[in-house]
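A closer look at the structure
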Amino acid sequence: MYRARDWYPAPWRLRKSWKEGNPTPPGVVCVIVWINGPFGVGKTTLTAELCRREPQARAFDPERIGWVLKRTVGLVRQGDYQDLPAWRSATVAVAARQARGADPLIVPMTVLRRQYLDEIFAGLRSRGHEVRHVLLDVSPPVLVERIESDTDPDPQGWRLDNLGTYLVARHDLRRGGAVVDTDDLTADEVADEVEALIQDWRDGRPAPDG
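Attention here is on the structure that accompanies the text. (Residues numbered from 1 in each chain as written. Predicted model: local features only at pLDDT ≥ 70, side-chain atom pairs only at ≥ 80, totals over all residues. Heavy atoms only, no water.)

1. Here's the deal with the packing of aromatic side chains
On inspection of all chains with the given rule, the structure shows two aromatic pairs. With centroids separated by 5.6 Å and ring planes inclined at 70°, the aromatic side chains of W34 and F121 adopt a geometry described as edge-to-face. With W34 in strand 1 (residues 31-36) and F121 in helix 6 (residues 114-126), this pair connects stretches of sequence that are 87 residues apart. You'll find W34 and F121 in the same group, each marked buried. Ring centres 5.4 Å apart and planes at 50° place the aromatic pair Y81 and W87 in the tilted group. Note on accessibility: Y81 and W87 belong to one class, buried. Its guanidinium or amino end placed over the ring of W67, R64 lies 4.1 Å from that ring's centre, counting from NZ or CZ. Against the face of Y116 rests R88, its NZ or CZ located 4.2 Å from the ring centre. (Phe/Tyr/Trp six-rings, centres within 6.5 Å; stacked < 30°, edge-to-face > 60°. Helix = DSSP H or I, 4+ residues; strand = E, 2+ residues; numbered from the N terminus. Buried < 20%, exposed > 50% of the residue type's maximum accessible area, 1.4 Å probe, protein only. Lys NZ or Arg CZ within 6 Å of the ring centre and 35° of its normal.)

2. Concerning helix 7 (residues 140-149)
Within the span of helix 7, buried status applies to V142, L143 and I147. For helix 7, the arc enclosing every buried residue in end-on projection is 135°, short of the 170-degree limit, so these residues lie on one face. Facing away from the buried side of helix 7, by more than 90 degrees, are the exposed residues P141, E145 and S149. (Arc of directions from axis to C-beta.)

3. Comments concerning the pairing of strand 3 (residues 105-108)
Every second residue of strand 3 is oriented toward a common face, with L105 and V107 on one face and I106 and P108 on the other, all of them buried. With four bridges joining them, strand 1 and strand 3 adopt parallel strand pairing. Residue pairing across strands places I32 opposite L105, the latter belonging to strand 3. Bridge analysis of strand 2 (residues 58-59) against strand 3 gives two bridges, and the strand direction is parallel. Bridged to R58 within strand 3 is L105. (Pairing = 2+ DSSP bridges.)

4. Description of the environment of Q98
Checked against the element boundaries, Q98 lands in helix 5 (residues 85-98). Among the residues examined, Q98 registers a relative accessible area of 14% and is labelled buried. Q98 sits 68 residues away from C30 along the chain, and the two C-alpha atoms are 9.7 Å apart.

5. A closer look at the side chain of D137
Along the chain, D137 turns up in strand 4 (residues 130-137). The exposure class assigned to D137 is buried, which follows from its relative accessible area of 0%. Here D137 is in contact with Y166, R170, R174, V179, V180, D181, T182 and D183, once residues within four sequence places are set aside. (Contact = heavy atoms within 4.5 Å.)

6. A look at the pattern of salt bridges
Under the criterion given, the structure shown has 15 salt bridges. The partner of R53 in a salt bridge is E49, with the nearest N and O atoms 2.7 Å apart. Of the two residues, R53 and E49 both sit in helix 3 (residues 43-53), four residues apart, roughly one turn of that helix. As a salt-bridge pair, R170 and D137 come within 3.0 Å of each other at their nearest N and O atoms. On the criterion of sequence distance, the pair formed by R170 in helix 9 (residues 163-174) and D137 in strand 4 is long-range, its members being 33 residues apart. (Salt bridge = Lys/Arg side-chain N within 4 Å of Asp/Glu carboxyl O.)

7. Some details on the packing of helix 3 against helix 10 (residues 187-203)
Interaxial distance between helix 3 and helix 10 falls to 10 Å at its minimum, and their mutual angle equals 60°. One element, helix 3, and the other, helix 10, form an angle in the oblique class. Seen from above, helix 3 lies across helix 10 with right-handed handedness. Facing helix 3, whose interface residues are T45, L46, E49, L50 and R53, helix 10 presents A187, D188, V190, A191, D192, V194, E195 and I198. Broken down by class, the residue content of the contact of helix 3 with helix 10 amounts to seven nonpolar, one polar and five charged. (Axes fitted to C-alpha atoms, helices over the stretch in contact; angles between N-to-C directions. Parallel < 35°, antiparallel > 145°, perpendicular 65-115°, else oblique. Left-handed = near helix turned anticlockwise from the far one by under 90°. Nonpolar A, V, L, I, M, F, W, Y, C, P; charged D, E, K, R; others polar.)

Structure (structure tokens):
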């Protein structure tokens, strides 16, 4: 069952995980499903639904690490933390720890720079984890409609401002793993698609990202 604490581990746990590194014990393979896509596409909704459906699933939001860096070190302004090597290395360390006992660990996080994704995924795989990338794609008109219909108006302007950045990165991200085109799908249908992908990966069937 989805619980708020799964999303936001306590700051002292983040610092402890980062410091220790926490490699996966030998013989234990943890699956991490990274949910990527433009801001406003529905990553949070999907993650909550997958955690509701999958009793062993756990969610982890790396934005919490950016918050910790900002609060404890004062290194970054909002939106800048992905450029910090400290954020990327901490994300690897904490996700590696959070993945223990999860089936799978679901990470809803927009990362549009492919080199940052490759760095994070390589770090997680070096710790023995299986990492799968799922891109929730959407056409610009549909995304604008979703953003403007959101009941919370606060992030609308910021999400619309970042649409261009996603369109620049879109082609490269589509080549980086499984892609779910969400234009004509409801939230439940998107969850059905991703749940089927997860089951295929569990069964060892061929998947778009190998």
